[in-house]
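Residues per chain are reported as follows:
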Amino acid sequence: MKTQLSTFVLSTLLFLTFNLQAQQGLRNNGTKIIIPTGAVLHIDGSNGDFTNSTVSGKDGSLALSGKLKIDGDWTNNATGGDLLDGTTGKVVFSGLANQSIGGTRQTHWQAVDILDGATLEFGTDQQITIDGDIDMDGSIFLKADANSVASFINNGEIAGAGEATVQQYLTGSNNQGIPDGRFWYLASPISNAKSSVFNAASGNRLWYFTEESGTYTEITDNTTDLTVALGYVARMTDNTTLNFVGDLNYGNINANTSWNASSYYPGFNLVGNPYPSGIDWTTMGRTNLRPTFWYRTHSGNAMVYDSFNASSGIGTNNNGSGAISKFVPAMQTFWIRCENNNATGQVSFQNSDRHHKLDNQLYKSSENPDHILRLRAERGVFSDETIFCFFADAIIGFDEYDSGKMYPTDDNLPQIFTTDPAAGDLAMQSLPWNIGNLSVPMGFKTEITDTFAINAYNISELNPDILVYLEDLVDNTYTDLRQNPVYNFSSGISNSFRFVVHFFSLITDDETNFSAEKTETQIYSFRNFVYLKTPAEKYQVRVFDMLGKLIVEKQIAGSTLNKIEMHTASGNYVIHLIGEKSISTEKVFINNP
């Protein structure tokens, strides 16, 4: 049966039996079907399918206050609108075999009954939202494959004797029965799962992490209960589709966290998204937690860490496919960290935090703001990045915009980082917009002797009034990253602050207030060095102490960054820079250890 009228209204109890009619069920080709309170539309039989489409620019739709009862499949291919969004009626699934939920448009129901014997099978590309209650004496089956997983959000209660099955696909390999493939970080989407989901007793490996000791504990049986919202790490002997069978997690779920100074990783807690849908980290409740989360993910054959900061809205791109965003995928395990105060904390997962996501890869951010500089250390296909970001209210020192660094264990990966005396090494460091002239030491670490590069791969997106120079303290070179964004160098095994990143900013107050006239001459100090950035002419430099005694006098070439090492006591000094067309004077502080 096909509906072709502009509006089809049911005003009384109606049973439509289509298993004897062309085996096509009910196909709505652009019609509005109204099922008022008290009316029941029953699409009966093994071919009692419902298909909703858009025809001649008109979207098929349902205004459902009564009941729609279906024995077959549900397919929504309308190009606009959510078919049942905002309606008050109920959809009843009464088939005796799997009833496929598919189509190109999101499925949005108010309330659902799944009768005993019926199984709703949601394809890997499906997004399902149910605003009301679910009476489930049948079952729900959320499918997954290597590329995607069905996304399911319910905002009401779930009652009944039925169960849900949530799939997750994991790759695996082995050497003589011992897993040797990638590690998978995931959490259980059901409340009553056991370690048998992973078959941990038969060759597959399964661990959880404890902050108090900073160590992993392996589960070697199939009877251990999986804790809701706890992160697990799995390594499989073969490619496997996991089946989590039981009661779906929904509603408010809290996970407690800790900080122990004696831990090998103080404050780091491994938690997991407990829902079969994505979640928004920026809306989640956080008590005594830093605003950053970290993923363990893959870049080629290497395991890397990516991080996202809720305060800055910035994510790293160590995965190589795009900077991650604020959304944590379904069942994804991630790291969070307590503040370093030896106190406990808590993260709260709530229904309102949930978000649909189709594939099982990390969410990527498409933003390219002009207040972010990404520097990437490269060794062939292996890389690591550190981020500098600029905010009007950022401080020189650790603040909410900064993110700590987690180090991978793969020696093939070079590492770059900045550091804070209190917070330790950083993957993201914030700076105030009105930095003037500022130098930031940048560490470099490698366990392999090789050639490397520092790549300022997004510098064309950075605000053009922020000039950036990279100083190599080993090779004694300076590189204008605006002119040459890739700096090549060689290194043996090293873990040192080999580089200094110099910023020259023409921004005076915040990101919208620039200096009226761009000054080409820059004079400032860093540690026991005086730095001078000058235009294309020769200059004479004179350095005086505060008593007027001449300490240093020398000639420098223009159009570059020059450095003068001061072998003097710590204190204030006056710099005179004398050129053919100008004279500049600046007071600096020398900190000579």
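1. Notes on the overall build of the chain
So, point 1. Scanning the chain for helices and strands turns up zero helices and 58 strands.
So, point 2. Taken along its principal axes, the extent of the C-alpha atoms in the chain is 105 × 55 × 40 Å.
So, point 3. Split into buried and exposed, the 593 residues of the chain put 55% on the buried side.
So, point 4. For the chain, restricting intrachain contacts to residue pairs at least 6 apart in sequence, the fraction spanning at least 24 positions comes to 68%.
So, point 5. Accessible surface computed for the chain: about 24,600 Å², of which carbon and sulfur atoms make up 46%.

2. Brief notes about the nonpolar core
So, point 1. Counting residues in hydrophobic clusters, the biggest one holds 53 residues, and the most contacted among them are W74, W109, F122, F198 and F244.
So, point 2. Residue contributions to this core peak at three residues, all from strand β22 (residues 163-170).
So, point 3. One finds L373, F444, I466 and V468 within the second-largest nonpolar core, a separate group that totals 27 residues.

3. Examining the pairing of strand β41 (residues 372-379)
So, point 1. Among the eight residues of β41, eight are classified as buried, and the element is accordingly described as predominantly covered.
So, point 2. Here β41 shows a buried face lined by I372, R374, R376 and E378 and a second buried face lined by L373, L375, A377 and R379.
So, point 3. Direction of pairing for β41 relative to strand β42 (residues 382-391): antiparallel, over a ladder of eight bridges. When the bridges of β42 are listed, R376 appears paired with E385.

4. Overview of the side chain of H108
So, point 1. Along the polypeptide, H108 turns up in strand β14 (residues 107-109).
So, point 2. Within the local environment of H108, its side chain forms a polar contact with the side chain of D131, the two groups lying 2.8 Å apart.

5. Quick word on the layout of surface pockets
So, point 1. In this structure, the largest pocket occupies an estimated 600 Å³ of space.
So, point 2. Together, 25 residues line the largest pocket, and Y265, R296, Y305, Y407 and T409 are the ones closest to its centre.
So, point 3. Broken down by secondary-structure element, the contributors of at least two residues to the lining of the largest pocket are β26 (205-210), β35 (302-309), β38 (333-338) and β45 (424-432).
So, point 4. Residues that form the lining of the largest pocket fall into these classes: 17 nonpolar, three polar and five charged.

6. A few points about the packing of aromatic side chains
So, point 1. Evaluation of the coordinates by the stated rule reveals 35 aromatic pairs.
So, point 2. Ring centres of F390 and F503 lie 5.5 Å apart, and the angle between their planes is 80°; this geometry places the pair in the edge-to-face category. Of this pair, F390 sits in strand β42 while F503 sits in strand β51 (residues 494-505), and the two are 113 residues apart along the sequence.
So, point 3. According to the relative accessible area criterion, F503 is buried, its value standing at 0%.
So, point 4. With a centroid separation of 5.5 Å and an interplanar angle of 75°, the aromatic rings of F417 and F497 are classed as edge-to-face.

7. A short note on the sheet that holds strand β31 (residues 268-272)
So, point 1. Reading across from one edge, β31-β38-β34-β35-β36 is the order of the five strands in this open sheet, with antiparallel pairing throughout. Among the strands making up the open sheet, the edge pair consists of β31 and β36 (314-315).
So, point 2. Note that strand β34 (residues 289-299) and β35 share eight bridges and pair antiparallel. The partner of Y295 across the bridge, within β35, is D306.

8. Things to note about unusual backbone geometry
So, point 1. For A229, which is not a glycine, the phi torsion comes out positive at approximately 75°.
So, point 2. Within the fold, A229 resides in the loop between β27 (215-218) and β28 (232-235).
So, point 3. Classification of A229 by relative accessible area gives buried; the value is 3%.
So, point 4. Located in the positive-phi region is M331, a residue other than glycine, with phi close to 65°.
So, point 5. Inspection of the secondary structure puts M331 in the loop between β37 (327-328) and β38.
So, point 6. Residue classification places M331 among the buried positions, given a relative accessible area of 1%.

Thresholds applied
Position numbers for residues count from 1 along each chain, tracking the sequence in the order it is written. Since the coordinates come from a predicted model, pLDDT governs what is reported: local features require at least 70, and pairs of side-chain atoms require 80 or more to be given and counted, while whole-chain, interface and lining totals use all residues. To obtain the side-chain values, all non-hydrogen atoms of the structure were included, while hydrogens and water were left out. Counting from the N terminus, the helices are DSSP H or I runs at least four residues long and the strands are E runs at least two residues long. Residue burial is assigned from relative accessible area. The probe radius is 1.4 Å, only protein chains are included, and a residue is buried under 20% of its type maximum, exposed over 50%, and partly exposed in between. Should any heavy atoms of two residues lie within 4.5 Å, those residues are considered in contact. Per-residue and other accessible areas were derived by the Shrake-Rupley procedure at a 1.4 Å probe size, with only the shown protein chains allowed to occlude residues. To define a nonpolar core, start from buried Ala, Val, Leu, Ile, Met, Phe, Trp, Tyr and Cys residues and group those joined through side-chain atoms within 4.5 Å. Strands pair, by our definition, only if DSSP identifies at least two bridges between them. Polar contacts here mean pairs of N or O atoms no more than 3.5 Å apart (in protein, one a potential hydrogen donor and the other a potential acceptor; neighbouring residues in sequence count only if both atoms are side-chain atoms). Grid spacing is 1 Å over the protein atoms alone, the probe is 1.4 Å, and a cavity is where that probe fits but cannot get out, while a pocket is an open set with protein on both sides within 12 Å along at least five of seven lines and lining residues have an atom within 4 Å of a point. Grid points are joined across faces, edges and corners, and a volume is the space filled by probe spheres set on the points. Basically, the charged four are Asp, Glu, Lys and Arg, the nonpolar ten are Ala, Val, Leu, Ile, Met, Phe, Trp, Tyr, Cys and Pro, and anything else, Gly included, counts as polar. Pairing of aromatic rings covers Phe, Tyr and Trp, the last through its six-membered ring, and needs centres within 6.5 Å; plane angles under 30 degrees mean stacked, over 60 mean edge-to-face, and all others mean tilted.

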